[in-house]
Amino acid sequence: MFLSTPFSDVIDRVEGTLASPDNVYERHLSAMAEMYEDAEAVAAAGDPVIYKVYEKKIPELAGELQWCMSVTLPGKIGREYYMTKGHFHEVRDTAEIYLCVRGTGYMLMETEDGQSKALEMNPDVAVYVPARWAHRSVNTGGEPLISFCVYPGDAGHDYGTIETEGFRKRIVEIDGRPAIIDNRPSS
Ligand code: F6R
Ligand code: ZN
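Scoring rules and cut-offs
The numbers attached to residues start from 1 for each chain and follow its sequence in the written order. The naming scheme follows written order: chains are lettered A onward, ligands numbered 1 onward. In view of the model being predicted, local features appear only for residues whose pLDDT reaches at least 70, and side-chain atom pairs are presented and counted only at 80 or more, with totals across whole chains, interfaces and linings using the full set of residues. In computing side-chain values, all of the structure's heavy atoms are included and hydrogens and water are not. For this description, a residue counts as near a given molecule or strand if any of its non-hydrogen atoms is within 4 Å of it. What qualifies as a polar contact is a pair of N or O atoms within 3.5 Å, subject to a donor-acceptor requirement within protein and to the restriction that residues adjacent in sequence count only when both atoms come from side chains. Note that accessible areas follow from Shrake-Rupley with a 1.4 Å probe, and for residues the cover is restricted to the protein chains shown. In the scheme used here, Gly and all other residues not listed as nonpolar or charged are polar, with Ala, Val, Leu, Ile, Met, Phe, Trp, Tyr, Cys and Pro taken as nonpolar and Asp, Glu, Lys and Arg as charged. Think of it this way: DSSP has to see at least two bridges between two strands before they count as a pair. Helix and strand definitions follow DSSP, with helices as H or I runs of at least four residues and strands as E runs of at least two, each counted in order from the N terminus. In this description, a line fitted to the C-alpha atoms serves as the axis of each element, helices being fitted only across the stretch in contact, and the angle between N-to-C directions of two axes falls anywhere from 0 to 180 degrees. Each metal's donors are the N, O and S atoms found within 2.8 Å of it, except that Na, K and Ca use a 3.2 Å limit; water is left out, so coordination can look incomplete. Relative accessible area decides the class of each residue, using a 1.4 Å probe on protein chains only: under 20% of the type maximum gives buried, over 50% gives exposed, and in between gives partly exposed.

Enquirer: Explanation requested: the site of ligand 1 in the structure shown.
Expert: Around ligand 1, the surrounding shell holds 18 residues, and the nearest of these are Tyr51, Ser70, Glu96, Tyr98 and Tyr159. Within the side chain of glutamate 96, one N or O atom sits 2.8 Å away from an oxygen atom of ligand 1. When ligand 1 sits alone it has 390 Å² of accessible area, and the protein chains cover 99% of it. Across the shell around ligand 1, the residue classes tally to eight nonpolar, seven polar and three charged.

This is how it looks when you write it as structure tokens:
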């Protein structure tokens, strides 16, 4: 049974906002401090906002679609670019589409069995995140990295694995350019 009634909203491609979000949150560095490689740089950074999310409130049902705007701000902690926490979907067999509308960066993805993939994000690039791939937005540019995200209504977020294990890859600045490096040996 579908509970939603038709609606629309307006995306601001410059700010990354929705005109009428039902929920807005900001993630500060303190909420993900241990995810960065350089603890000294984390301590020296204060507690900046790393990213913001503007969400519509949709029933968490398989037949529905969640949608939101994801805004990762520009910046680095040490040599590591600002990024989202990243997650698997709680319901593993659920995919997601990100449509980048502003900025430059990567969608960093990996599976539980050890595959990794980083796809470039630029305006008008749409990225398909398949089911069972954890995903993290990484902003390697000088302006906000903004995407419109759509995913199944019941997908949910599982942050646990990434919080304890991290991603296998990191995206850092080396010689003034983004580089994708190993975070830990594959087991
Ligand atoms: C939803 C999704 C995005 C992220 C957002 C913030 O499934 O992938 O809307 O939730 O980019 O990132 P996280 O959730 O990793 O903190
Ligand atoms: Zn997701």
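So that's the structure; there's more coming.
Enquirer: Explain the sheet that holds strand E11 (residues 145-152) to me, please; I cannot follow it from the model alone.
Expert: Strand-to-strand pairing in sheets goes through backbone hydrogen bonds, with the strands running parallel or antiparallel. With antiparallel pairing, the six strands of this open sheet are ordered in space as E1-E2-E3-E11-E6-E9. Across the chains shown, the open sheet's two edge strands, defined by having one partner strand only, are strand E1 (23-28) and strand E9 (126-129). Here the average twist between neighbouring strands, direction ignored, is 20°. As defined by bridge partners, strand E3 (residues 65-72) adjoins E11 across eight bridges and the pair is classed as antiparallel.

Enquirer: Mind showing me how you'd approach the coordination of the zinc ion (ligand 2) here?
Expert: Tetrahedral coordination by four donors places them ideally at 109.5 degrees to one another around the metal; octahedral coordination by six donors ideally gives 90 or 180 degrees. Only His87 (NE2), His89 (NE2), Glu96 (OE) and His135 (NE2) from the protein reach the zinc ion (ligand 2) as donors, at distances of 2.0 to 2.3 Å. Counting the intervening residues between successive donors of the zinc ion (ligand 2) yields the motif H-x1-H-x6-E-x38-H. Linking histidine 87 in the loop between strand E5 (80-81) and strand E6 (96-102) with histidine 135 in strand E10 (residues 133-139), this pair joins segments that are 48 residues apart in sequence. When sorted by exposure, histidine 87 lands in the same class as histidine 135, which is buried.

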